[in-house]
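A look at the structure
The primary structure of each chain is shown beneath.
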Amino acid sequence: MDDTQTFDVAVVGATGAVGEVIIPLLQERGFPLARLYPLASDRSVGNRVLFSGKYLSVGDTASFDFSQVQIVLLAAGAEVAAHYAPLAVEAGCVVIDSSACFRGDDDVPLVVPEVNATDVGYFSDRRIIASPNAVTIAMLVALKPIIDAVGIERINVATYQAVSGSGQAAVKTLAGQTVSLLNMRAVETASHDKQIAFNVLAQIGGVLDNGYTREEMEMVWESQKVLGDRGIVINPTAVRVPVFFGNSLALHIETKQKVTAEQARKLLKQAAGVELLDEVEYPSAVSEAAGDDAVFVGRVREDISHPQGLDMWVVADNVRKGAALNSVQIAEILVKDYL
């Protein structure tokens with residue numbers, strides 16, 4: 001990329017949870033923008049978003065001429081992505097999608113910049129790049145230095161996921177249920193099959209034939225694809241917890257070669273995108289992760305049940321790092337090295 005080169009960018013889903021974070025991130029990180037087009041459904045057309053000290057009017061995705069831009073950041077659901085990504089590609093754009101729509105497609109790169117940044121270069125087949133699930137991103141950023149140093153044979157992971165992973169309606173549901181319960185009123189469970197306030201739900205999404213949920217199996221498929229290692233064994237459990245923003249992961253791994261907790265901490269301390277807390281501290285979703293770019297790691301210890309086992313606690317903002325920032329980082333690599 002020429003240092004003076006700039007790009008026209010459309011953000012689809014600009015008024016949603018992820019889009020609302022992408023837009024200020026483009027400004028904060030100094031993305032080489034010529035013009036920004038915030039887009040949304042007809043319900044949000046005419047709303048305004050603040051960018052670089054100016055208010056921009058939100059346009060209608062359905063009537064937008066995608067030939068006006070070179071890059072589209074899709075921050076909406078899979079159905080929206082399935083409809084608009086091909087239209088944007090046909091108009092000459094490169095699409096970066098944060099939904100689950102294209103993650104499993106063999107000819108679409110699935111990228112976590114701290115892990116497999118060079119895979120962005122494979123965008124040319126479909127001109128679409130996918131961003132993984134938020135918990136997959138957090139897990140792989142934390143494990144990348146361990147994988148590079150000694151390799152990993154098996155990952156046991158339990159994820160404790162914020163309600164914002166289900167969208168803004170789920171955030172409102174948690175808030176409403178909390179208020180109702182504190183005022184001794186009955187609750188509605190529209191966004192979840194059970195009450196989420198003051199509760200823990202041991203299922204996210206539908207259950208597949210093997211007894212795992214799709215959310216859990218997506219962690220397996222996505223991790224194997226990002227790492228380029230179909231042989232790595234992953235055993236996930238995905239849990240929904242009454243937290244607004246920030247996912248937490250309990251990671252128990254078995255490495256190919258022995259690594260001590262002290263060695264692992266040294267590796268993590270130097271890793272891109274990782275913030276390591278010392279031995280006596282631990283990160284939490286609310287106190288550290290929410291609103292921050294880093295993947296926080298703590299409670300690093302050697303597993304007393306396995307000679308090559310290592311345990312750690314990981315937290316990250318599921319909307320910011322787990323979707324918006326990852327997409328913007330992909331766009332930065334795209335414009336720097338490939339456009």
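None of these values were measured; they are calculated from a predicted model.

Let's shift gears to the overall build of the protein chain. Scanning the protein chain from terminus to terminus reveals nine helices and 14 strands. What you see for the protein chain is a C-alpha radius of gyration of 20 Å, in line with the 20 Å of a compact globule of 339 residues. With respect to the three principal axes, the spread of C-alpha positions in the protein chain is 60 × 55 × 40 Å. When contacts within the protein chain are restricted to residue pairs at least 6 apart in sequence, long-range pairs at least 24 apart make up 66% of them. Carbon and sulfur atoms make up 48% of the accessible area of the protein chain, which totals about 15200 Å². Here the protein chain holds 27 positive side-chain charges and 42 negative ones, and the gap between their average locations is 3 Å.

Bringing unusual backbone geometry into the picture now. Of note in the backbone geometry, Arg-127 takes a positive phi value of approximately 60° without being a glycine. Backbone geometry at Arg-299 places phi at a positive 50°, although glycine is not the residue there. Mapped onto the elements of the fold, Arg-299 is located in strand E13 (residues 295-302). A relative accessible area of 46% places Arg-299 in the partly exposed class.

Here the largest pocket is characterised by a volume of approximately 1200 Å³. Along the wall of the largest pocket there are 48 residues; nearest its centre are Val-18, Ala-75, Ala-76, Gly-77 and Gly-165. Mapped onto the lining of the largest pocket, the elements with two or more residues apiece are helix H2 (78-90), helix H6 (214-227) and helix H9 (320-337). In terms of residue count, H2 provides more of the lining of the largest pocket than any other element does, four residues in total. Among the residues making up the lining of the largest pocket, the classes are represented as 17 nonpolar, 22 polar and nine charged. Size it by volume and the second largest pocket reaches roughly 250 Å³. Around the second largest pocket, the lining is made up of 16 residues, and of these Arg-35, Leu-36, Tyr-37, Pro-38 and Leu-56 lie nearest the centre. Contributions of two or more residues to the lining of the second largest pocket are made by strand E2 (33-40), strand E4 (54-57) and strand E5 (59-60). A total of seven residues in the lining of the second largest pocket trace back to one element, the largest contributor, which is E2.

Here we take up the packing of aromatic side chains. Under the counting rule described, the total for this entry stands at five aromatic pairs. Summarising the aromatic geometry, the rings of Phe-66 and Tyr-84 are spaced 6.4 Å apart at their centres and angled 50° between planes, so their arrangement reads as tilted. With Phe-66 in the loop between E5 and strand E6 (71-74) and Tyr-84 in helix H2, the pair connects residues that are 18 residues apart, well separated along the chain. By the burial criterion, Phe-66 is buried, and Tyr-84 matches it.

With the rule as written, the count across this model stands at zero disulfides. Left unpaired, Cys-93 is separated from the closest cysteine sulfur, that of Cys-101, by 16 Å. Classification of Cys-101 by relative accessible area gives partly exposed; the value is 24%.

On to the side chain of Asp-8, then. Its place among the elements puts Asp-8 in strand E1 (residues 7-12). The buried charged residue Asp-8 lacks any salt bridge, with Arg-35 as its nearest oppositely charged partner at 6.5 Å. One polar contact links the side chain of Asp-8 to the main-chain amide nitrogen of Arg-35, over a distance of 3.2 Å. Leaving out residues up to four positions away in the same chain, Asp-8 has contacts with Ala-34, Arg-35, Tyr-37, Gln-68, Val-69, Gln-70 and Ile-71.

Before going further, it helps to examine the environment of Val-335. With respect to the helices and strands, the residue Val-335 is situated in helix H9. Spatially, the C-alpha atoms of Val-335 and Phe-7 are 8.3 Å apart, while their sequence positions differ by 328 residues.

Within the element layout of this structure, Val-274 appears in strand E12 (residues 274-276). The class for Val-274 is buried, based on a relative accessible area of 11%. Linking Val-274 and Ser-284, residues ten residues apart in sequence, is a C-alpha distance of 14 Å. Val-274 has contacts with Val-141, Ala-142, Leu-268, Val-295 and Val-297, leaving out every residue within four places of it along the chain.

Further remarks concern the sheet that holds E5. The pairing of strands in a sheet comes from backbone hydrogen bonds and takes either a parallel or an antiparallel form. Judged by pairing direction, the sheet is parallel, and its six strands sit side by side in the order E5-E2-E1-E6-E7-E8 without closing on themselves. Whereas interior strands pair on both sides, the edge strands pair on one side only; in this sheet they are E5 and strand E8 (128-130). Where E1 meets E6, four bridges bridge the pair, whose relative direction is parallel. Bridge pairing in E6 links Val-12 to Leu-74. Against the sheet, H9 touches E1, E6, strand E7 (94-97) and E8, its axis set at about 155° to E7.

For the pair helix H1 (residues 19-28) and H9, interaxial distance at closest approach is 9 Å and the crossing angle is 50°. What the angle tells us is that H1 and H9 run oblique. By crossing handedness, the relation of H1 to H9 is classed as right-handed. Residues Val-21, Ile-22, Leu-25, Leu-26 and Glu-28 of H1 form the contact with H9, whose own contacting residues are Arg-320, Ala-324, Leu-325 and Val-328.

Here is what the cut-offs are and how they apply
Residues numbered from 1 in each chain as written. Predicted model: local features only at pLDDT ≥ 70, side-chain atom pairs only at ≥ 80, totals over all residues. Heavy atoms only, no water. Helix = DSSP H or I, 4+ residues; strand = E, 2+ residues; numbered from the N terminus. Rg over C-alpha atoms; globule rule 2.2 N^0.38 Å. Contact = heavy atoms within 4.5 Å. Areas by Shrake-Rupley, 256 points an atom, 1.4 Å probe, with all protein chains shown as cover. Lys, Arg positive; Asp, Glu negative; His and termini not counted. Charge placed at Lys NZ, Arg CZ, Asp CG, Glu CD. Buried < 20%, exposed > 50% of the residue type's maximum accessible area, 1.4 Å probe, protein only. 1 Å grid on protein atoms, 1.4 Å probe; cavity = no way out; pocket = protein on both sides within 12 Å on 5 of 7 lines; lining within 4 Å. Points joined across faces, edges and corners; volume = space filled by probe spheres on them. Nonpolar A, V, L, I, M, F, W, Y, C, P; charged D, E, K, R; others polar. Phe/Tyr/Trp six-rings, centres within 6.5 Å; stacked < 30°, edge-to-face > 60°. Disulfide = S-S within 2.5 Å. Salt bridge = Lys/Arg side-chain N within 4 Å of Asp/Glu carboxyl O. Polar contact = N/O pair within 3.5 Å; in protein donor to acceptor, adjacent residues only side chain to side chain. Pairing = 2+ DSSP bridges. Axes fitted to C-alpha atoms, helices over the stretch in contact; angles between N-to-C directions. Parallel < 35°, antiparallel > 145°, perpendicular 65-115°, else oblique. Left-handed = near helix turned anticlockwise from the far one by under 90°.

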